[in-house]
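So you can see what is in the structure, the chains are spelled out below.
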Amino acid sequence: MRTIDIHAHLVPQSLWRAIEAGREWHGYRHQPGEGLGTLQGGGRRTAFSSPKVRFTVEERLQDMDAQGVDVQVVSIHTPFFGHHLDGGQGLALAREVNDEIAGMVRAQPRRFAGLATLPVQDVKAAIGELERAVTVLGLKGAELDTQVSGKQWDEPEFLPFFKAAEQMGAVLFFHPQPQHNFLMERTPRDGLFNSLGVILVVAILIAGGVMEACPDLRVCIAHGGGPACYAMGRLDRGWASRPEARRIPKPPSAYQRRLYYDSVTGSEEALRFLLDQVGADRVVLGSDWPFVPWHPSPVTWVQGLKTLTSEEKERILWRNLEALLGLPA
């Protein structure tokens with residue numbers, strides 16, 4: 001059975017080369033310390049929780065083989081989106097990263113697919129880079145933060161971006177990151193910013209009217225959407241009880257099956273609930289490589305779940321992503 005993982009991060013080799021040369025990388029400065037040290041940029045400090053972030057492509061392939069993953073959909077490690085940079089600097093970062101990911105795909109087209117990073121702080125530049133990434137580099141879409149430096153995705157300025165992505169057929173993979181998430185300020189301990197952050201983007205994309213305005217937009221939410229599907233009844237109640245505040249013609253739950261969700265839910269019970277809510281055709285394999293210590297692998301975990309049917313496992317492990325991303329059989 002083929003396996004495709006949509007949730008696999010990259011710390012660019014260009015960043016490590018800059019560190020080795022004693023240079024900044026697009027405004028990020030390395031500080032030696034425990035393990036691989038830390039990167040500081042935009043007033044935030046990022047430590048590395050896995051030594052695998054330094055893996056070469058060859059080492060990465062060996063690790064994929066060990067975990068039974070045939071294809072990784074590669075996207076940048078989220079603290080390095082660079083949204084704090086000005087538009088020109090953000091575009092330079094994005095182009096360098098996207099060229100590196102595209103090079104991985106060209107070298108190993110049966111093992112890698114790619115998602116771009118974009119300078120979404122400059123919508124026009126983001127649209128241009130997404131078009132280059134999809135039409136020139138052959139990437140499948142883009143990975144996006146759950147917000148943009150305090151701005152939410154339902155702001156009118158972002159609608160042209162979503163319209164452009166819809167027209168291109170690009171897949172947008174929304175992933176929370178602690179440095180630009182309001183939950184970081186309120187729940188800094190226990191990783192709650194990462195576990196809970198995705199509920200906000202689901203609510204905003206739906207209740208904010210993005211999915212209504214872009215009916216063919218292809219969106220996947222990391223970490224199984226967090227508690228978003230579990231909270232959908234509450235979102236529906238708010239929609240029903242406050243007609244004056246409605247921005248969509250149907251209750252939020254009417255849109256939840258329009259999104260895709262990865263399988264990084266943390267428990268079999270949560271994954272089973274997600275499948276029952278959105279359907280087996282809307283859930284895809286994710287691992288959060290290399291930051292979740294799977295035992296022994298995300299593939300083995302899904303294959304061993306007793307409450308999932310063989311067809312559900314097959315859809316999650318490869319069929320849904322093969323179709324969504326248009327990957328060759």
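Structure's up top.
Calculation criteria
Residues numbered from 1 in each chain as written. Predicted model: local features only at pLDDT ≥ 70, side-chain atom pairs only at ≥ 80, totals over all residues. Heavy atoms only, no water. Helix = DSSP H or I, 4+ residues; strand = E, 2+ residues; numbered from the N terminus. Buried < 20%, exposed > 50% of the residue type's maximum accessible area, 1.4 Å probe, protein only. Lys, Arg positive; Asp, Glu negative; His and termini not counted. Salt bridge = Lys/Arg side-chain N within 4 Å of Asp/Glu carboxyl O. Polar contact = N/O pair within 3.5 Å; in protein donor to acceptor, adjacent residues only side chain to side chain. Axes fitted to C-alpha atoms, helices over the stretch in contact; angles between N-to-C directions. Parallel < 35°, antiparallel > 145°, perpendicular 65-115°, else oblique. Contact = heavy atoms within 4.5 Å. Nonpolar A, V, L, I, M, F, W, Y, C, P; charged D, E, K, R; others polar. Pairing = 2+ DSSP bridges.

## So, the side chain of Asp 145
Logical step 1: Among the structural elements, Asp 145 can be located in the loop between strand 7 (141-144) and helix 5 (159-168).
Logical step 2: Nearest to the buried, unbridged Asp 145 among oppositely charged side chains is Arg 44, at 10.0 Å.
Logical step 3: A distance of 3.4 Å separates the side chain of Asp 145 from the side chain of Thr 146, its partner in a polar contact.

## Points about the packing of helix 4 (residues 123-136) against helix 5
Logical step 1: Running from N to C, helix 4 and helix 5 point in directions that differ by 10 degrees, and their axes come no closer than 9 Å. Taken together, helix 4 and helix 5 sit at an angle that is classed as roughly parallel. Counting all contacts with helix 4, which are made through Val 123, Ala 126, Ile 127, Leu 130 and Glu 131, the residues of helix 5 involved are Pro 160, Phe 161, Ala 164, Ala 165 and Met 168.
Logical step 2: For the contact of helix 4 with helix 5, the residue count by class is nine nonpolar, no polar and one charged.

## A look at the sheet that holds strand 4 (residues 44-47)
Logical step 1: Across the sheet, which stays open at both edges, the three strands sit in the order 2-3-4 with antiparallel pairing between neighbours. Edge strands, defined here as strands with exactly one partner in the open sheet, are strand 2 (29-31) and strand 4. Going from strand to strand, the sheet's axes swing by 30 degrees on average, the running direction of each strand aside.

## A look at the sheet that holds strand 8 (residues 171-174)
Logical step 1: The strand order across the open sheet formed by five strands is 7-8-9-10-11, and the pairing between neighbours is parallel. Across the chains shown, the open sheet's two edge strands, defined by having one partner strand only, are strand 7 and strand 11 (283-284).
Logical step 2: For strand 8 and strand 9 (residues 218-221), the ladder comprises four bridges, and the chain directions are parallel. Each residue of the ladder has a partner; that of Leu 172, found in strand 9, is Val 219.

## Considering the pattern of salt bridges
Pairs may arise between side chains of opposite charge once their charged atoms sit close together.
Logical step 1: Inspection of the entire model under this criterion finds 14 salt bridges.
Logical step 2: Across the salt bridge formed by Glu 20 and Arg 54, the nearest N and O atoms sit 2.9 Å from each other. One end of the pair, Glu 20, is in helix 1 (residues 13-20); the other, Arg 54, is in the loop between strand 4 and helix 2 (57-67), and 34 residues separate them in sequence.
Logical step 3: Assessed through its relative accessible area of 57%, Glu 20 is described here as exposed.
Logical step 4: On the accessibility criterion, Arg 54 (31% relative accessible area) is partly exposed.
Logical step 5: Across the pair Arg 247 and Asp 154 runs a salt bridge, and its minimum N-O distance is 3.0 Å. Taken together, the residues span a long stretch of sequence, with Arg 247 in the loop between helix 10 (232-241) and strand 10 (260-262) and Asp 154 in the loop between strand 7 and helix 5 at a distance of 93 residues.
Logical step 6: Through salt bridges with shared partners, a single ionic network connects Arg 95, Asp 99, Glu 129 and Arg 132.

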